[in-house]
Structure formats: structure tokens, C-alpha cells
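What follows is the residue order along each chain.
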Amino acid sequence: MLRACRRLFVTLLLILFFTPLTNASDKAAQDSEGAPIDVVGKVVDHHELAVLGYHVPLPRIFLVEGDWYLYSSTESAIESGDFVEKDGALMPANGAEITVDFSITSHLMYVWFGLILTVWITIAMARKYKQGVGRKTEPQGWFQNLFEIVFVFVRDDIAKKNIPDNKYQKFVPYLFTVFIGISFMNLFGLLPWGATATADITVTGVLAAFTFFITQWNGSKDHWEHVFWFPGVPGWMRIILTPIEIIGLFTKPFALAVRLFANMLSGKIMIICILGLIFIFTDIFGAAAGVGMSLFSVPLTVALYALKAFVGVLQAYIFTLLSAVFIGMAAEEHAHDEGIEAHA
């Protein structure tokens, strides 16, 4: 019910954004001025990095018909004459097709930031433990205490509870990296100039793909038997159950990717829309209405920021927990009871 209400609220806010466009009398003025605030432009990927009000261009890298093209920015690619901009995208000037676009984007940068921070923190803490701090003595400082709490939580409450006892330890590094990395990616979106990398389906899709390949690679013999053979099940039922099981292998990572993407994107849009009400009311009713709306929008945005911080960590936990559940289901050695009950 709460999720349905949130979706309805976001939809109503989006309608408010586009209402000035549909009700304006002069269409040409609409096209030139646009909406009071560009919601989509705030959440989509960009080829520049916003840092404290400055826009840093990112490299554009293309593979076109076997030839590589490298430029420091979109502008330099256009100035070279090899590419032209069409509908907001770069296209080869000679009419050829781009084989692969390896350009660096803002979402990719924030993925790197999250992973670099995760690796740096882990290495720094590992050095402390090698020195005996935290092993021979108690952990020192709030940061090491927090690190130990999070690591023990991932190890004992996520990995150990969902993966067989003799196998869970080798998956702890992956699950810990996923939890911390996704948490950073989610929380970076709270920065005024930051971008939420996990609000991009390609990012969450790659993360889910890692879980998928690790799950299938570590699948036990029993796991694959219950996918393709179903011990003790009549042969005619295998014709029905096998396609369902194969589809189920791919629906799990798909659900992982979409759940994380949808929750982080909706939270980002909601914050932008509520702050954008100030500009909408100013555009429609004047400056006084905008000031009045700010008395409502700003405190609500502050509350939503706290909620989004909690949701960011919560979604990282859910992704990590479900990854552990899927890995544990595949790695588990099943008892070979007879019949359909064993599969169930």
C-alpha cells in the first residue's frame, strides 16, 4: 500500500511538471522556455561530471568500423569534424554506424568512486588487523569499530545464514564488496551535484549479472539436476518443469536489477519533483507563491533526504541478502528424497 501511494504521488508530481507545457497558449514559447525544471535531465546519464557547480567533460571513446576514436570531450569530438551531434547523440559524420561506444559517463564515474572507496577502506582496515589492532587488542576508533560491525553483520547475518556452513566463507568478500559498494553508489546521489549510479538499469544489470554468474558457477550437482533432470519426477512432467526452471535462473537476476534500479530512481525523482514545486509555482503564480511553496518543499525534502539515506542502505542490504539466498540455493547439496517433494 505504501509503495502504491508513493508511485501515485510521484505520478501526480510529474503531471504538475508537464501541466505548464500543456496549458500554455503559445507553443513556440513552450518549446523555447521548456518546463520549469528538467526532471529527466537530472536523472539520466551524462558525458560530464558535475563537481561543486563545475562541469568537467569526460572522454568520448568510439569504435567505428574497426577504427578507434578518442576525444577529451563531446565538444572536441564535434570540433574534429569526425562526428556530428544529432538528437543529443554523437554520430559519425560520414554516416557510418558506431560499433561500440566506450565513452566515460557520470554514472560510470560514480561506480568507480564507490568501488575505489570500498577497496581503499578494506585495504586500510586489513593493514590494521595485520598489525594486531582488532585481533590482539580491541578495535581502535569509531571507524574500525563501524567497519567490524558491518563486516561481521554481512558474514554472520547474511552469508552464514543463507549459504551452507562449509561454503559460505568464500562468498563473504563478494557479498561485503557488494553491500559497501552499492551503499556508496546509493548515498552519492544525496550530494547536490552527485549522481545515483544505481538509478541506471545498466549499472544494476551488471551487478545482478555478477551475482548470476557466481551463482551458476558455484551451483552444485544437485542444483543442475533439479534444473534439467528432476530426480524421481515422471518424464512427461520434465517437459513442463525444465523450461520453467531455466526461465527461473534468469528471472532472479532480472528481479535484482529492476528492484534496485526502480527504488533508487523513484527516490531521486521524488526529491527533484518536490524541490521543483518551488519553480513550478513561481512559473505559474509568481515569486510570492514560490516562496510560500518553499516553506513546504524544503522541510519535506530534508525529511526525504534522511529517508533516502536509509533506503539507500536498505536496498544495498536487500540486494546482498537476495544474492546470498540465490547463491545458497544453488550451492546447497539436497537430500535425495523421492518424488516431487524433494524438488519442492
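Since this is a predicted model, take the numbers as computed values, not measurements.

### Some points on the overall build of the protein
Item 1. Looking only at helices and strands, the protein has 12 helices and 7 strands in total.
Item 2. Taken across its 344 residues, the protein has 40% of its residues classed as buried.
Item 3. When contacts within the protein are restricted to residue pairs at least 6 apart in sequence, long-range pairs at least 24 apart make up 66% of them.

### Here's the deal with the nonpolar core
Item 1. Among the nonpolar cores identified, the biggest contains 47 residues, and Val154, Ile163, Leu175, Ile182 and Phe319 are the most heavily contacted of them.
Item 2. The leading source of residues in this core is helix H7 (residues 172–188), at 10 residues.
Item 3. If sequence neighbours within four positions are ignored, Ile182 has contacts with Thr198, Leu207, Leu260, Ala316 and Phe319.
Item 4. Counting residues in hydrophobic clusters, the runner-up holds 7 residues, among them Phe62, Val64, Ala77 and Leu90.

### Overview of the pattern of salt bridges
Item 1. Counted according to the given criterion, the structure contains 3 salt bridges.
Item 2. A salt bridge links Asp101 to Arg60; the shortest N-O distance between them is 3.7 Å. Residue Asp101 is found in strand E7 (residues 100–101), and its partner Arg60 is found in strand E3 (residues 60–64); the two are separated by 41 residues along the sequence.
Item 3. A salt bridge links Arg155 to Asp156; the nearest nitrogen and oxygen atoms lie 2.8 Å apart.
Item 4. Given a relative accessible area of 30%, Arg155 falls into the partly exposed group.

### Some words on unusual backbone geometry
Across residues other than glycine, the phi torsion is negative in most instances, and most of the peptide bonds are trans.
Item 1. Backbone geometry places Glu65, a non-glycine residue, at a positive phi of 50 degrees.
Item 2. Classification of Glu65 by relative accessible area gives exposed; the value is 60%.

### Describing the environment of Phe102
Item 1. In this structure, Phe102 sits in the loop between E7 and helix H5 (106–130).
Item 2. Separated by 43 residues in the primary sequence, Phe102 and Pro59 have C-alpha atoms spaced 9.1 Å apart.
Item 3. Those residues in contact with Phe102 that sit more than four places away from it in its chain are Ile61, Leu63 and Trp68.

### Side note on helix H11 (residues 287–331)
Every α-helix carries 3.6 residues per turn, so stepping three or four residues along brings you back to the same face.
Item 1. Taking 1.5 Å as the rise per residue, H11 with 45 residues should run 66 Å; its terminal C-alpha atoms sit 62 Å apart, in good agreement.
Item 2. The largest bend along H11 reaches roughly 35 degrees and is located at Ser294.

The rules behind these values
Residues numbered from 1 in each chain as written. Predicted model: local features only at pLDDT ≥ 70, side-chain atom pairs only at ≥ 80, totals over all residues. Heavy atoms only, no water. Helix = DSSP H or I, 4+ residues; strand = E, 2+ residues; numbered from the N terminus. Buried < 20%, exposed > 50% of the residue type's maximum accessible area, 1.4 Å probe, protein only. Contact = heavy atoms within 4.5 Å. Core = buried A, V, L, I, M, F, W, Y, C linked by side-chain atoms within 4.5 Å. Salt bridge = Lys/Arg side-chain N within 4 Å of Asp/Glu carboxyl O. Expected span 1.5 Å × (residues − 1). Bend = angle between axes of the 7 residues up to and from the residue.

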